[in-house]
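Summary of structural features
Each chain, written out:
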Amino acid sequence: MAAGTGARLGVSRARFIVLEGVEGAGKTTQIRLLSAWLDALGVEYVTAREPGGTEIGEAIRGLLLAHREEGVPDETELLLMLAARAAFVRRVVRPALEAGRVVLADRFDLSTFAYQGYGRGLDLEAVARMNAFATGGLRPDAVLVLDLPASAGAARQADQGSEADRIENEGTGFLERVRQGYRELVAGRVDAHLIDALDTPEGVQRRLRELLSGLFPETFAVREGS
Ligand code: Z5A
C-alpha cells in the first residue's frame, strides 16, 4: 500500500509536488517562481533536486553525470538513481511532509520511468518494482510535467552556455524518446499533468498556480492579506 504523504498523515498543508520534463524544460525556473508564490502565501516549503538533495545523493549525482570513458551500464545508472532516491525520501521528503511543509522537487520517479525506462529501454515493470522499494511506496501528490520538444530544451541549454552532462550528451534521439515517454506516462497516471512549456515562463507559472490552487485549495489558495 502506498505510504501517506503529509496530507494523509493529517498535516493539512503538506504536499509533495514534483516538476518534471526534459532538460531545459524550465523546471528550475518554475520552482524559483513557485517558491516566490509560496513565500507570498506564507506557506512553509522546501525545494530539492534529484538526483541529489542529500549529502550521499549529491555524491551519487556527481558519479552519474560525469563523463566516463568506459560508459555506465544502464542497470548501474538505474540503481544509482534509486540509491539516491532512497536517501532523498527518508532524509528530505518524509521529514518535511511530517513537519507540515510543502516539498517542491525537481524530478522524482517519473524521471526514472522516462529516462531509464523509455530512454534506455529498461523493463518498465522492473523499474517500477525497484522504485517502489527505494521510495517505500511514497507517491507525489502531483507531478507537473513541463512538455516541449527535446530539441527546444537542448537549444535553451545551449543558449545558456552550460556544458552538456553525460546524460544530456546522449543526443536528441534519446531525449525525444524520453519526451514521448513522459507523454505516455502522464496519460496513465492520475497524479500527473502535462503543461505546455513552450509558453513564456510567466505563462507556464500562471498555469501551474491555477492547477495547484484548483487541486489543493487548502494549501495553495490565496488567503486574506497574502
Ligand atoms: N535523471 C535520470 O536519468 N533518471 C532519474 O531518475 C533522475 C534524473 C531523477 C539531472 O539533470 C539528469 O539526471 C537529467 C535526467 C537524469 N539529465 N538529463 N537530461 P538536472 O535535472 O539537474 O538537469 P536538466 O533537467 O537536464 O536541466 P536543467 O538545467 O535542470 O533544466 P530545467 O531546470 O528544466 O530548465 P531551467 O534551468 O529552468 O531553464 C533552462 C534555460 O531555459 C534557462 O536559460 C532559462 O532561462 C530558459 N527558460 C526556462 N523557461 C523558459 C521558457 N518558458 N521560455 C524560454 N526560455 C526558458
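Look a little higher up for the structure.
In this report, we go over the structure that sits alongside the text. All residue numbers refer to positions counted from 1 along the written sequence of the respective chain. A pLDDT threshold of at least 70 governs which residues receive local features in this predicted model, and a stricter bar of 80 or more applies before side-chain atom pairs are shown or counted, although totals over entire chains, interfaces and linings include all residues. As a rule here, side-chain values cover all heavy atoms of the structure and leave hydrogens and water aside.

A separate point is the site of the ligand. Thr-28, Thr-29, Arg-61, Arg-107 and Thr-112 are the nearest of the 27 residues found near the ligand. Nitrogen and oxygen atoms within 3.5 Å of one another constitute a polar contact, given that in protein one can donate a hydrogen and the other can accept it, and given that sequence-neighbouring residues count only through two side-chain atoms. In this structure, an oxygen atom belonging to the ligand sits 2.9 Å away from a main-chain N or O atom of Gly-26. A distance of 3.4 Å separates a nitrogen atom of the ligand from a polar side-chain atom of Tyr-115. Note that accessible areas follow from Shrake-Rupley with a 1.4 Å probe, and for residues the cover is restricted to the protein chains shown. Protein contact buries 84% of the 1100 Å² of open area that the ligand shows by itself. The helix count covers DSSP runs of H or I at least four residues long, the strand count covers runs of E at least two residues long, and both are numbered beginning at the N terminus. Looking at the shell around the ligand, the elements that each hand over two or more residues are helix H1 (27–41), helix H2 (55–65), helix H3 (74–98), helix H4 (109–119) and helix H6 (150–160). Here the element with the most residues in the shell around the ligand is H4; it accounts for four residues. When grouped by side-chain class, the residues that make up the shell around the ligand number eight nonpolar, 10 polar and nine charged. Residues are classed as near a molecule or strand on a simple rule: at least one heavy atom within 4 Å of it. Gly is put with the polar residues, along with every residue not named as nonpolar or charged; the nonpolar set is Ala, Val, Leu, Ile, Met, Phe, Trp, Tyr, Cys and Pro, and the charged set is Asp, Glu, Lys and Arg.

Reading across the sheet, the five strands line up as E2-E3-E1-E4-E5 and stay open at both edges, with parallel pairing between neighbours. Since the sheet does not close on itself, it has two edges, and those belong to strand E2 (45–49) and strand E5 (192–196), each with one partner. Direction aside, the axes of adjacent strands within the sheet are offset by 20 degrees on average. With four bridges joining them, strand E1 (residues 16–20) and strand E4 (residues 142–147) adopt parallel strand pairing. What sits directly across from Leu-19, in E4, is Leu-144. Relative to the sheet, H1 contacts E1, E2, strand E3 (102–106) and E4, its axis offset from that of E3 by approximately 165 degrees. Only strands that DSSP links by at least two bridges are regarded as paired with each other. Between N-to-C directions, angles cover 0 to 180 degrees, with each direction set by a line fitted to C-alpha atoms, over the stretch in contact for helices. Contact definition: two residues touch when any of their heavy atoms are within 4.5 Å.

What follows covers the pattern of salt bridges. The working definition used for a salt bridge is a side-chain nitrogen of Lys or Arg within 4 Å of a carboxyl oxygen of Asp or Glu. Considering all chains together, one arrives at 17 salt bridges under this definition. Between Glu-20 and Arg-107 there is a salt bridge whose closest N-O contact spans 3.9 Å. Remark: Arg-107 occurs in the loop between E3 and H4 and Glu-20 occurs in strand E1; sequence separation between them is 87 residues. Of the two residues, Glu-20 and Arg-107, neither departs from the other in class, the shared state being buried. For Glu-58, the salt bridge identified is with Arg-49, shortest N-O distance 2.7 Å. For Glu-58, a relative accessible area of 30% corresponds to the partly exposed category. Exposure classes here rest on a 1.4 Å probe applied to the protein chains alone. A residue is buried below 20% of its type maximum, exposed above 50%, and partly exposed in between.

This next bit is on the packing of H4 against helix H7 (residues 172–187). Across the interface, H4 lies against H7 with an axial gap of 8 Å and an inter-helix angle of 125 degrees. Taken together, the axes of H4 and H7 lie oblique to each other. In the packing of H4 onto H7, the handedness of the crossing is right-handed. In this structure, H4 uses Leu-110, Ser-111, Phe-113, Ala-114, Tyr-115, Tyr-118 and Gly-119 to contact H7, whose residues at the interface are Phe-174, Leu-175, Arg-177, Val-178, Gly-181, Tyr-182, Glu-184 and Leu-185. Of the residues in the contact of H4 with H7, the class split is 10 nonpolar, three polar and two charged. By the definition adopted for this analysis, an angle is roughly parallel if under 35 degrees, roughly antiparallel if over 145, roughly perpendicular if from 65 to 115, and oblique otherwise. Crossings are assigned a handedness: left-handed for a near helix turned anticlockwise from the far helix by less than a right angle, right-handed for a clockwise turn.

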